[in-house]
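Understanding the architecture of this molecule
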Amino acid sequence: MAEGLRGKGVIAGIAVGRIMMAGQNIDGYLKGYQPGNKDIENQKIKDAVKAVVAVLQENIKTLQAKNMVEQAAILEAHRMLAQDPMMEETMHTKVEELANAPLAVLDTAKEQAAIFEQMDDAYFRERATDIRDVGKRIAKYILGVKEPEIGDDPVILCGHEIEPSVIANIPTDKIAGVVLGQGSTTCHAVIIAKARAIPTVVGIGERLGEIPDSALVIIDGERGDILVRPDEMTLTDYREKIKQQEERKAYYAELAPLPAVTRDGVRVELCANIGNHMDVDAALTYGAEGVGLFRSEFVFMGRQDIPTEEDQFKAYKEAVEKCDGKICVIRTMDIGGDKPLPYLNIPPEDNPFLGYRALRISLQRRDLFLPQLKAILRAGVYGKAAIMAPMVINVAEFKKVLDFVEEAKLELSHEGKAFSENVQVGIMVETPAAAIMTPELAKYVDFFSIGTNDLVQYTLAVDRGNSSISYLYNHFNPAVLRLIQRTAQAAKDNGIWCGMCGEMASDPLAAVLLLAMGLSELSMSAPSIPRVKEKIRSVSSVQAKELLADVMKMEDGEEIKAYLQKVLA
């Protein structure tokens, strides 16, 4: 009888394979390491950084050649970390203290990672894994540690957190699935797995220890089931499901060029969330109809100074051009007061979740905000660009945004630079305050895009990255649904469009409710688009509205989810 575990399914699909515990333990290598003098140790760091960067550059070229742009971008971020002069300088400083190159590297990475782990934004908190990954790469080179070998059969990678380089360096056909102890859906390991459509289950916590290395395991990336040591009858059953899964993948590929339209002709635009301009190409292959969220903070990360207007213009222009006339919504810098950006000079905060972040910084830092707005306006000449302000809580804030936009246009006119007068300016509705005030905000904005990741956690007072209370994080909670419906109604009453760019948009069941509420655009991770499109094309708008009416009478999020699963199965 198979031992059953339950986590959170984040990438749909069934996988069968033997467990390979990810992340080599290098403690033994460290104990046996014999350091030289400080000059020798410093030189080892320089040589290791150079070697690691060379390997990363080669991997990036390989991934780009295979059109695996999202994974290439992640390794490019690793390359920038490895070449960060401040990080290397700290390593050399620690050699003076520790007289041991690999320990100096690991200690530096640990300190840098600790800074990221204190951040308010979950996405950036999870970049701590990337820093530790880069540090471990450099230390392993110094120690002469070789990568583990994978046999002929695909494996299921398993670990509390898995270093992005581990997944990126293993061919897709050698990874059957991924199991993570931590509960994040936005860590780079999950992002890479999602780009490769590798079935993934996260959030099993301490029960990770119940899965033996090399054990045969079945995982269901949709339900979150993990079956350890299944019997032959169970294996036969699941292998048949895998066959059906492959047939469905082929069907989804056929859906890519088709519109997301209900049986009675109601159209919903499906867009992609991206981190940089290189992600657009991959998104289009899944049938994305534009970009609903360009996280512009990536342009600001990995630097020692503020990116210039020209730097930003080039990145935004390329993304807008690749959208080929379809919308490209660029969110203005969403960075918190505790982000390790040396040029911000902002002290750490006791409660960064509710602190000095995003638009609160932009409105007080003309040197940051104005060049960004000018760059987006200039990029608008090359397609359909839009500006989206994050973390808005009142009308006064947005009026200041509009003042900045007008100032940006005036400066561009005086400088003789071409810019678009048709760039829409909207807000990300991700605070309960904004959602409640949407009837008033709708008089001033061109659009709403609902950011459910923060809206859910702020509304329910649940940290979405905390595995101990993750069961409370539910976008079907009636309180959340009512705020979304209020936002959609305010948009309709004022003749503006309303979309969504949070994780809820990638849920096919939720998509039916959202189209019934009147949302005309849903933006999500690109691989989620086919599943959402399939569901939208399978229902009529009349059916969707009937379901919405039933759901809005219910009192519990789990009840709502179960009802939708039953009716829309």
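Residues numbered from 1 in each chain as written. Predicted model: local features only at pLDDT ≥ 70, side-chain atom pairs only at ≥ 80, totals over all residues. Heavy atoms only, no water.

Per an unreviewed UniProt entry, the chain goes by the name Phosphoenolpyruvate-protein phosphotransferase and belongs to Selenomonas sputigena. UniProt, in the comment section headed Cofactor (unreviewed entry), describes the chain in these words: "Mg(2+)". In its Sequence similarities (unreviewed entry) section, the UniProt entry covering the chain states "Belongs to the PEP-utilizing enzyme family." (UniProt positions renumbered as here; feature names shortened; annotations may be inferred.)

So, on to the overall build of the chain. When its secondary structure is counted, the chain shows 24 helices and 16 strands. For 569 residues, the compact-globule estimate of 2.2 N^0.38 gives 25 Å, and the chain sits close to it at 24 Å. Scored against the burial criterion, the 569 residues of the chain give a buried share of 57%. With the model as given, the accessible surface of the chain reaches about 24000 Å², and the carbon-plus-sulfur share is 50%. Taken as two groups, the 65 positive and 82 negative side-chain charges of the chain have centres that lie 2 Å from each other. (Helix = DSSP H or I, 4+ residues; strand = E, 2+ residues; numbered from the N terminus. Rg over C-alpha atoms; globule rule 2.2 N^0.38 Å. Buried < 20%, exposed > 50% of the residue type's maximum accessible area, 1.4 Å probe, protein only. Areas by Shrake-Rupley, 256 points an atom, 1.4 Å probe, with all protein chains shown as cover. Lys, Arg positive; Asp, Glu negative; His and termini not counted. Charge placed at Lys NZ, Arg CZ, Asp CG, Glu CD.)

Attention now goes to the sheet that holds strand 6 (residues 200-202). As summarised here, the arrangement of the eight strands in space is 1-8-7-3-4-5-6-2, forming an open sheet in which the pairing is mixed. Edge positions in the sheet fall to strand 1 (3-6) and strand 2 (8-11), since each has one partner strand and no second. Across this sheet, the average inter-strand angle for adjacent strands is 30 degrees, counted without regard to direction. By the bridge criterion, four bridges tie strand 3 (residues 14-21) to strand 4 (residues 155-159) in an arrangement that is parallel. Within strand 4, the position partnered with M20 by the bridge is L157. In the packing of helix 9 (residues 188-195) onto the sheet, contacts are made with strand 2, strand 5 (175-180) and strand 6, and the angle to strand 2 comes to roughly 55 degrees. Sheet contacts for helix 10 (residues 232-255): strand 3, strand 7 (216-220) and strand 8 (225-228); angle to strand 3, the most-contacted strand, approximately 115 degrees. (Pairing = 2+ DSSP bridges. Axes fitted to C-alpha atoms, helices over the stretch in contact; angles between N-to-C directions. Contact = heavy atoms within 4.5 Å.)

Moving on: the pairing of strand 15 (residues 497-500). Going residue by residue along strand 15, you find W497 and G499 tucked away on one face and C498 and M500 tucked away on the opposite face as well. Both strand 14 (residues 447-450) and strand 15 contribute to a ladder of four bridges, which runs parallel. Each bridged residue has a counterpart across the sheet, and for F447 the counterpart in strand 15 is W497. In this sheet, strand 16 (residues 521-524) lies alongside strand 15 in parallel orientation, the contact comprising two bridges. Of the residues in strand 16, the one forming a bridge with G499 is E521. What joins strand 15 to strand 16 is helix 21 (residues 508-517), and the crossover it makes is right-handed. (Right-handed = clockwise from strand over helix to strand, strands pointing away.)

It is worth spelling out helix 15 (residues 366-379) at this point. Compared with an ideal rise of 1.5 Å per residue, which puts 14 residues at 20 Å, helix 15 spans 20 Å between its outermost C-alpha atoms and is within 8% of the ideal. Counted residue by residue, helix 15 has 12 buried out of 14 residues, so it is predominantly covered. Within helix 15 the residues assigned to the buried category are L368, F369, L370, P371, Q372, L373, K374, A375, I376, L377, R378 and A379. For helix 15, the secondary structure elements touched by its buried residues are helix 12 (297-300), helix 13 (309-322), strand 11 (327-331), helix 14 (359-362), strand 12 (384-389) and helix 16 (395-415). (Expected span 1.5 Å × (residues − 1).)

This next bit is on the sheet that holds strand 15. The parallel closed barrel is built from eight strands, whose spatial order is 9-10-11-12-13-14-15-16. This sheet shows a mean twist of 25 degrees between the axes of neighbouring strands, independent of strand direction. The sheet strands contacting helix 13 are strand 10 (291-295), strand 11 and strand 12, and the helix crosses strand 11 at an angle near 150 degrees. Across the sheet, helix 22 (residues 529-537) lies against strand 9 (269-274) and strand 16, angled at about 160 degrees from strand 9, the strand it touches most.

Attention now moves to the nonpolar core. Counting residues in each nonpolar core, the largest one holds 158 residues, and the members touching the most others are Y316, F448, I484, L519 and L522. It is helix 21 that provides the largest number of residues to this core, a total of nine residues. With residues up to four places along the chain from it excluded, the contact list for L522 reads V268, E269, L270, C271, M500, A505, A511, L514, V532 and I536. Counting residues in each nonpolar core, the second largest holds 16 residues, with A176, I204, V217 and I226 among its members. (Core = buried A, V, L, I, M, F, W, Y, C linked by side-chain atoms within 4.5 Å.)

Turning next to the pairing of strand 8. Residues D225 and L227 line one face of strand 8 and the alternating positions I226 and V228 line the opposite face, and both faces are buried. Inspection of the sheet shows strand 1 paired to strand 8 by four bridges, in the antiparallel sense. What sits directly across from R6, in strand 8, is D225. Looking at chain direction, strand 7 and strand 8 are connected through four bridges and run antiparallel. Following the sheet pairing, V217 is matched in strand 8 by V228.

Right, let's talk about the state of the cysteines for a bit. One pass over the full model with this rule turns up zero disulfides. With no disulfide of its own, C271 lies closest to C323 among cysteine sulfurs, the gap being 8.0 Å. Looking at C271, the relative accessible area reads 0%, which means it is buried. In this model C323 remains outside any disulfide bridge; the closest cysteine sulfur is found in C328, 4.3 Å from its own. The class of C323 is buried, set by a relative accessible area of 1%. (Disulfide = S-S within 2.5 Å.)

A few words on the pattern of salt bridges. Scanning all chains against the criterion turns up 34 salt bridges. In this structure, D454 and R357 form a salt bridge, with 3.6 Å as the shortest nitrogen-oxygen distance. With a gap of 97 residues between them, D454 in helix 19 (residues 452-460) and R357 in the loop between strand 11 and helix 14 connect regions that are remote in the sequence. Note that D367 is salt-bridged to R365, the shortest N-O span being 3.0 Å. Among the charged side chains, a salt-bridge network with shared partners connects E309, E310, R366, K374, R378, E407, E411, E415 and K417. (Salt bridge = Lys/Arg side-chain N within 4 Å of Asp/Glu carboxyl O.)

Attention shifts here to helix 4 (residues 85-98). With 14 residues, helix 4 extends 20 Å between its outermost C-alpha atoms, agreeing within 8% with the 20 Å of an ideal straight helix rising 1.5 Å per residue. At the N-terminal boundary of helix 4, the capping side chain belongs to D84, with an oxygen 3.1 Å from the backbone nitrogen of M86. (Polar contact = N/O pair within 3.5 Å; in protein donor to acceptor, adjacent residues only side chain to side chain.)

Further remarks concern unusual backbone geometry. Residues other than glycine seldom take positive phi values, yet A99 does so here, at roughly 55 degrees. Note that A99 resides in the loop between helix 4 and helix 5 (101-117). Note on A99: relative accessible area 31%, which makes it partly exposed. The phi angle at A461 is positive, at roughly 55 degrees, despite the residue not being glycine. Structurally, A461 can be placed in the loop between helix 19 and helix 20 (478-493).

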